[in-house]
Every structure is written in structure tokens, then in C-alpha cells.
Amino acid sequence: MSHKGCSVMKKENTKKMIALYMIAIVFVLGSMFIYNEYVHESLWQQSVNDILEATSQEEKAFDIYVSKEITNSRNVLSHMLEEKRDEATTLEQLSALVKKEGSQYLFLDLKQNKCYSSHGVSEISKLQQDLILNNDKEEGLIEPYFEDTTGVKMFATFVKGSYEGRKGVMIKETKESYMAQNFSLSFFNDLGFSYIIDSEGMILLRSSHPNSNRTFQNLFDLIDLSGNDESIIHSFQQTLKEKGKGIAQFDYQDESNVFCYVPIKDSEDWFMVSIIPNAAIMKQANHIIFSTILLCTGIVFVIGCLVWMYLRSNHRHKEELERMAYYDDLTQLYTYQRFKMKAEELLKESKNWYMLYLDIADFKIINEMYGYHYGDEILKQLAEALKELVGKDGIICRINADKFLIMLHCLQQAELMAFCEHINQSISLHHATKQSERTVMVRIGICDCDPSIELSNVDGWIDRSHLALNRVKADSPNCYAFYNKAMHDQMLKKADIENKMEKALAQREFQCYLQPKYDVSGHVLMGAEALVRWIEQDHMIMPGDFIPVFEKNGFILKLDEYIFEEVCRYLGNRLKKNEAMVPISVNISRMHFHQPDFVERYIKIKDAYAIPDGLIELEITEDILLYDIDQVRTIVMQLQRSGLTCSIDDFGSGYSSLNVLKDLPFDVLKLDGVFLRNSYDVSRSQEIVRSIIEMAKRIHLKTVAEGVESEEQLSFLKEVGCDMIQGFVFARPMPISEFDKRLVTETLHIYD
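Conventions adopted
Residues numbered from 1 in each chain as written. Predicted model: local features only at pLDDT ≥ 70, side-chain atom pairs only at ≥ 80, totals over all residues. Heavy atoms only, no water. Buried < 20%, exposed > 50% of the residue type's maximum accessible area, 1.4 Å probe, protein only. Helix = DSSP H or I, 4+ residues; strand = E, 2+ residues; numbered from the N terminus. Pairing = 2+ DSSP bridges. Axes fitted to C-alpha atoms, helices over the stretch in contact; angles between N-to-C directions. pLDDT = per-residue confidence, 0-100. Contact = heavy atoms within 4.5 Å. Expected span 1.5 Å × (residues − 1). Arc of directions from axis to C-beta. Salt bridge = Lys/Arg side-chain N within 4 Å of Asp/Glu carboxyl O. Phe/Tyr/Trp six-rings, centres within 6.5 Å; stacked < 30°, edge-to-face > 60°. Parallel < 35°, antiparallel > 145°, perpendicular 65-115°, else oblique. Left-handed = near helix turned anticlockwise from the far one by under 90°. Patch = residues over 30% accessible without salt bridge, like charges linked within 9 Å, V, L, I, M, F, W, Y side chains within 5 Å. Areas by Shrake-Rupley, 256 points an atom, 1.4 Å probe, with all protein chains shown as cover. Lys, Arg positive; Asp, Glu negative; His and termini not counted. Charge placed at Lys NZ, Arg CZ, Asp CG, Glu CD. Core = buried A, V, L, I, M, F, W, Y, C linked by side-chain atoms within 4.5 Å.

**Student:** How should I be thinking about the pairing of strand 15 (residues 403-409) in this particular structure?
**Tutor:** Two faces make up the sheet, and in a regular strand the side chains alternate between them. The buried count for strand 15 comes to five of seven residues, which makes it a mostly enclosed element. Both strand 13 (residues 353-360) and strand 15 contribute to a ladder of six bridges, which runs antiparallel. Across the sheet, Tyr 354 pairs through a bridge with Leu 408, a residue of strand 15. Looking at chain direction, strand 14 (residues 394-400) and strand 15 are connected through six bridges and run antiparallel. Bridge pairing in strand 15 links Gly 394 to Leu 408. Taking the residues between adjacent antiparallel strands as the criterion, strand 14 and strand 15 are bridged by two residues, where Ala 401 takes a positive phi near 45 degrees.

**Student:** For this particular structure, what's the right way to read the sheet that holds strand 18 (residues 442-448)?
**Tutor:** What holds strands together in a sheet is hydrogen bonding between their backbones, with the strands either parallel or antiparallel. Taken together, five strands build an open sheet; the order of strands is 14-15-13-18-19 and the sheet is mixed. For this open sheet the edge positions go to strand 14 and strand 19 (480-482), each flanked by a neighbour on one side alone. Strand after strand, the sheet turns through a mean of 20 degrees between neighbouring axes, direction not considered. Relative to strand 19, strand 18 runs parallel, the two sharing three bridges. Within strand 19, the residue paired with Gly 445 across the bridge is Ala 481.

**Student:** Which parts of the structure should I look at to understand the confidence of the model for the protein?
**Tutor:** Note: predicted coordinates in regions of low pLDDT should not be interpreted at a detailed level. Taken residue by residue, the protein gives an average pLDDT of 82. The fraction at 70 or more is 85%. Note on residues 1-7: pLDDT under 50 across the span, and two contacts to partners over four residues away in sequence or across chains. Ignoring residues within four places in sequence, the model shows residues 432-436, a span with pLDDT below 50, making six contacts including any to other chains.

**Student:** In this structure, what is going on with helix 12 (residues 413-426)? I would like to understand it.
**Tutor:** Three or four residues apart is the spacing at which side chains of an α-helix point the same way, because the helix has 3.6 residues per turn. For helix 12, spanning 14 residues, the distance from its first C-alpha to its last is 20 Å, which sits close to the expected 20 Å at 1.5 Å a residue. Looking at helix 12, one finds that the buried residues are Leu 416, Phe 419, Cys 420, Ile 423 and Asn 424. The buried side chains of helix 12 occupy one side of the element, clustering within an arc of 140 degrees when seen end-on. Residues of helix 12 that are exposed and point more than 90 degrees away from the buried face comprise Ala 414 and Gln 425. Contacts from the buried residues of helix 12 go to strand 13, helix 11 (372-390), strand 15, strand 18 and strand 19.

**Student:** Just checking my understanding: could you explain the environment of Gly 527 for this structure?
**Tutor:** Here Gly 527 shows up in strand 21 (residues 524-536). Spatially, the C-alpha atom of Gly 527 lies 5.7 Å from that of Ile 584, the residues being 57 residues apart in sequence.

**Student:** What exactly am I supposed to notice about the pattern of salt bridges here?
**Tutor:** Between side chains of opposite charge, a pair can form when the charged atoms approach closely. Inspection of the entire model under this criterion finds 31 salt bridges. With its nearest N and O atoms 3.7 Å apart, the salt bridge here joins Lys 517 to Glu 619. Taken together, the residues Lys 517 in strand 20 (residues 510-518) and Glu 619 in strand 24 (residues 616-621) connect sequence positions 102 residues apart. Across this residue pair, the class does not change: Lys 517 and Glu 619 are buried. Among the charged side chains, a salt-bridge network with shared partners connects Lys 517, Glu 529, Glu 619, Lys 670 and Glu 706.

**Student:** Looking at this structure, I do not really get helix 13 (residues 458-469). What am I missing?
**Tutor:** With twelve residues, helix 13 ought to run about 16 Å at 1.5 Å a step, and its terminal C-alpha atoms sit 17 Å apart, in line with that. When you tally the buried positions in helix 13, you get nine out of twelve residues, the bulk of the element. Taken residue by residue, helix 13 has Val 458, Gly 460, Trp 461, Ile 462, Arg 464, Ser 465, Leu 467, Ala 468 and Leu 469 as its buried positions.

**Student:** Is there a simple way to explain the packing of aromatic side chains in this structure?
**Tutor:** Where two aromatic rings form a pair, the distance of their centres and the angle of their planes describe that pair. The tally for this structure, following the rule as stated, stands at 19 aromatic pairs. With 5.6 Å between their ring centres and 80 degrees between their planes, Trp 534 and Phe 546 make a pair best called edge-to-face. Taken together, the residues span a long stretch of sequence, with Trp 534 in strand 21 and Phe 546 in helix 15 (residues 543-553) at a distance of twelve residues. Under the relative-accessibility criterion, Phe 546 is labelled buried at 0%.

**Student:** Help me understand the packing of helix 20 (residues 682-698) against helix 21 (residues 711-720) in this model?
**Tutor:** When two helices pack together, their arrangement is given by the angle between their axes and by how far apart the axes lie. Running from N to C, helix 20 and helix 21 point in directions that differ by 40 degrees, and their axes come no closer than 10 Å. What the angle tells us is that helix 20 and helix 21 run oblique. Judged by the twist between their axes, the crossing of helix 20 over helix 21 is right-handed. Residues Gln 686, Val 689, Arg 690, Ile 693 and Lys 697 of helix 20 lie in contact with helix 21, whose contacting residues are Phe 716, Leu 717, Glu 719 and Val 720.

**Student:** Got a minute to help me understand the environment of Leu 204 in this structure?
**Tutor:** Along the chain, Leu 204 falls in strand 9 (residues 203-206). You can call Leu 204 buried: its relative accessible area is 4%. As for Leu 204 and Pro 144, which are separated by 60 residues in sequence, their C-alpha atoms are 6.4 Å apart.

**Student:** For this particular structure, what's the right way to read a negative patch on the surface?
**Tutor:** A surface patch of like charges, here negative, comprises Glu 143, Glu 200, Glu 268 and Asp 269. One can find Glu 200 in the loop between strand 8 (192-198) and strand 9.

**Student:** Is there a simple way to explain the environment of Phe 739 in this structure?
**Tutor:** Mapping Phe 739 onto the fold places it in helix 22 (residues 736-745). As a C-alpha pair, Phe 739 and Pro 516 span 223 residues in sequence and 7.9 Å in three-dimensional space. Leave out the neighbours within four places in its chain, and Phe 739 touches Leu 514, Pro 516, Leu 525, Gly 527, Ala 528, Tyr 570, Val 582 and Met 734.

**Student:** Sorry if this is basic, but what is going on with the nonpolar core here?
**Tutor:** Nonpolar side chains in soluble globular proteins generally cluster together in the buried interior. Formed by 80 residues in total, the largest nonpolar core has its most connected members in Phe 510, Phe 550 and Leu 717. In terms of residue count, helix 16 (residues 556-576) provides more of this core than any other element does, ten residues in total. Ignoring sequence-local partners within four residues, the contact set of Phe 510 consists of Met 501, Ala 504, Leu 505, Val 532, Arg 533, Trp 534, Phe 546, Phe 550, Phe 555, Leu 559 and Tyr 562.

**Student:** I tried to follow the pairing of strand 2 (residues 114-117) on my own but got confused; where do I start?
**Tutor:** Of the strand pairs in this sheet, strand 1 (residues 103-109) and strand 2 are connected by three bridges, and their pairing is antiparallel. In the strand pairing of strand 2, Asp 109 is matched with Lys 114. Adjacent in sequence and paired antiparallel, strand 1 and strand 2 are bridged by four residues, among which Asn 113 carries a positive phi angle near 55 degrees. In terms of strand pairing, strand 2 meets strand 3 (residues 120-123) through four bridges, oriented antiparallel. Bridge pairing in strand 3 links Ser 117 to Gly 120.

Structure (C-alpha cells):
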């Protein structure tokens, strides 16, 4: 190839290189231009969205301010209406409420047509009539107005109210200047500013920003003056009327501006409008692009650090959440839900497990006597003891309060019983207090994962161990009980009773039986006690089977009231027929004392059947001492004032205290049959009964001995002067029809 040919080829290659270079430059420049436009557009849109969000936040702050003002005004108005004050006191209170310069409270007394304020008392002005009293709303914002005396533009909230015929309005006035200062209405490095306008564009509150026009009163006048497109203006106006929010772009002060507008929640047609020059947004976008290029490497590094910190924080946060979800705060044992999850997992691996349900006997009393801190210390000590004893052979959780669960790997039953004893020994059986020592007993219900016991899930297993726990009595020689089939049958029996109880009450299957009360000779019928029997298809369900169930589930309240009304109906019928009658006592559960309308309901039933005073007696068990003695005294006295006699039932059955006789004005004392039977020292029991009866007579209480079954018991009670006898020695509980025959054939105590 000749030199000329080579030269031509080089020139062609050079041209190609230049062309490629130019293409590359154009490509790079084009890419940069597209990138620049994309970034500008994206950042502009993002900035505008941020401004809209800032406007929304400012609107929320304004809403919070208004809501707070309305709430305060409502509270002040309530006090003004509920407490009658003279003018001087009212004015003094209104003046005391003013905590900042530029605001005041006005109280409009509509009944007296007076306006109270920190300036004095005047009649309600026409302006106040127009702005507030002609307003259908009960509370809200008032469109800014010029105050009558000072001519200062005011923002105000109002609340209307009434109390016992007295109507009033509370107004909280605040100067426009304070509002503008409190809500600075400027943002974006002080390049932007805001107005509060109504849907017609009237400026209600303007920023003190230098670019904020101080002359025009309507925002649309400003926009129209700048020669903006009418269709865009119309669209803006329409959106405001529809209470919408959004963005618009208008020329204002010879430059393009972005308008962001958000409706104010606590008003019907007010809006927060933010205005910022478009150039300010673009300038920031340019700065961001430049800064992004310079700081790219730094950002990558920072992002890397943030990612590392996030992962580390996330890991710690996950651990904290897991600790909160899976571990009890007080004892650091598993929570109930975590325990069940672990139990399900362990059961899949092996079936050789025991479930132990634990609680502390009388823990509520311990808390009440020694304080919750002392109770917490016992719980923590028990938790530590359990962790030490169980080790890796099982899992433990605290359900709540003093309830714990242990899932323990299968042991021999003898070892398990020893384990239960060790639990009580480990927490120190005696806890010393400042005044005394109290034995703390942990009760334990046990159920093993025996294939013969049908268990659908862990919950069923836990329920059975809980059922076993309920068999451990406070006076039991053992602190534990094993689940067995009898417990299961009892659980089914309880469920059957609960399933049938509502229907049985509706179908009147609960029947009232009466057990007579006689004088000690057995010749004079003094009264009777109403007892309930459940007759289901000629089959009698004994009270011992259903009363304890009803006491636990609360149905006893309905049953007591039902029997009370049955007795009232029975006595009312005999009264109408002018037939002989004797007083009848009715049992009521202590649960009634929790019902605020208990006395009212029972008196209403008594009056409905026109029962004379003294003909019905309410028997209240002495475990009522577990309640507030003052409250019980008040209720007993209300019952007595309404014509009902009150007796303390089962005196001596376990909660006896002379306080019940000292503080509660009962009319009758019923001695529990426990004093008359199963005594290791008969003479000692008789002396106690003798003393109780003598004491009762001295404080004018009638005495009834119940559960009297033998002639020996009767002879003793006659000797000590007991007033009435109730028991099998004279009569068993009987249907009302049989009792009616006795009222005809026997000598009756004359009812006063």
C-alpha cells in the first residue's frame, strides 16, 4: 500500500475515531441531560410532595391547637354552668384563665343575656349573636372578626352547653398576631410561607413573611392580577369547594410559584395554603445533584455503616421483642404462649411427660396482708426454686398472678411426689413478717401424658392438670393431686349442669321446698326455710351438685332471686285467701353484695306481692366478713328498713368472728350444725354453743339451731334455751303442698 493510501486510511480512521468520540460525547451529554432532567423532575416532584406533607403537618398542628382550645373551653363551660357564682367570682375566674397576652375567655350566659369577660360584664352583642348563637354547630371555629372595643382582629373557638336549664357559650378569643406568631407559617428555609383561607379564597390568617402580600384580602385576587390561566384558576376553586387537597402552579410576583393546599379538619371550609417560589425548589434540586455527585462515595460508606447498624439494631430489637413475647418480666420464666409452643414441640419428640399446674394457696390474702412487693418476692423466690429443681428435665412458665406450669420429663410417681414436696421446702415454708410468720403452701395439680387419656392438644392437658389442682384443699395433708377419670366425669357433669341451667330456670324445673322450724318442744311451728330442688323429668338433682357450680359461674344470683320471688308469690297467695302463715327465710349469696341494685330489686319484688314487714327473712352466710364490713352494714340496714328480717347463717362454719355480731345489726343467729356433730370433745362444743346462745340473748338476737338430728342434741338445745330448731329431728325439707297441710293441722306461732 502506498503512503498516500496509508494517509487516506489514517484520515478515515481519524474521522471514524472523531465521529465515535463525538457520538460518545453526544451520548454522554445526552445521558447527562436526560439524567439531569429526570433528577430535576423527580426532585421537584419530591420537593413538592414534601411541601404538601409539611402543609399537612402544619394543618394537623392547627387542628390539635383548635381541639385543645375547644376541650379547655368545654371544661370551663361545664364548671360555669354547674357551679352558680356571682358576677365578681365569674369575672375573677375568667381573668385567672388568661395565661398569655392576646387571648381571653368570654362566657355568654344566655339565660341572663350577659357576656362575662376579663374586661367586665356586658350584654351579648349583635356580633356575638350573629357569629355564634345563630350558628347551628355546638362547637367549633369562628370566622375571624374585629373585636368591638379594640378593633383588633380575633380568632376564636366556641362551645355551647347547658346544665339544668341554664344555657351558655364559652368563647376563647386569640389575637391574629399571636396566631401568626404561634403558627409561623413559613418553611423551606424561610423561602416559603402560608395562608389560612376559606373556600372562596378569603385570607383569614396571613404569614408575616416579607413575600406575603399585606394588601389583598382574597387569594384569587392575587392570582388573577398575575394573569394566570383561568381554567387552572377555576379548577383550583372547584377543588377548594369540594374540600380537596392538592398542588397548583401559578405566577405570583413575576415568578412561578407552587401552591399546596390542605383542608383544615375542624372547620367547614378553611384551608392551609403554602406558597413557595418554583425557583427555590429548582435551586435546591441543583444543589442536591451537585452534592450527590460529590458525596457519592461518602454516601456509600454511610449507607454501609447504616446497614450494619440497622442489622445490628434489628438483631437486638428482635432479641428484645422475643424476650418480651417469650419471657415473663417478673420471673424471667417462659410466658404462657411460649410454653405451649415448646410443649407442642416436646410432645412430638416424646410422650413421657407430666404436666404440673401450680398456685400459691391464699396468695390474694398474702398480697392484702403484707403488700404486693412481698407477694412479688415470693413469686420470684418460687421461680428460682423451680428453675433449680427442674433444670434441663423440663420447661416452666408463669401463666399470671401466682399460676405456674411445669412440663416435666417422666419420673416414677414416688419421685414426682417427692419433687412436689421439695418445691414447698425450697421456697422456705415460713416467711417471716414484722408481726407474724405465715406458712406458704404451693398447691400442685398433676396430669401425665397417658395414652389412655384423650388429649387433643396441650390446652386439654393443661386443663386437666388445673382440674387436679382444684382438688387440693387448704387443709389437705398433701400439696398435690393427680388427675383421674373421676375428675373428668365431674368436669363433664359440671358442663352438663351449665348447659341446662338457663333452660331449667325458664321451664321452672327449680322448685321451692320448705323445711319447718319449730320451738324446742316441737309443738309450735315457728317458721320455715326455703330450699331449692332441681326436678328434671321426675329426677331430682341435689343442691350439692349444682349450687357450688352456680356459686362459681354467677348463676346463683338468678336462682336466689327466682326462689325469693317464688316465696313472695306463695305468701302473697295465702294473704289473698286470708290463710294462716309463718315467716319464711330465704338464702342469698354473698355475690349479691356486689350488685348496686340488689336491695332495690328485692324490695320491688316484695312490694309487688304486698308482703307485710317481718314475714320474710334473708339468710346471709358469715363469709360475708370477707367483704367491706361498712358496705355490708349499710346494705343490711337498708333491707331491715324495708321490712326484711336478716339472719347470719352457718355461724361457726369457718369464718366466725365476733365482729359480725358487734358491727352488723342482724336479727337472727343460725348456729351451724358443725357444733352439734363430729366433735372430738362434746362437752367443749356444748359450752361453746351455750355461750353463743347466752350472748345472742343478751344482744337481743333470736337463735336457730340447724342440722339437729338426734334427741340428745334437741335435749341439750332445750336446756340452753335455743329459740328455734330446724332439722331432721322434727321435719325434712318438703314440697309446698305438704307444708300447707302442716299449716292447717299444727299449732302455729302467732305472727305479729
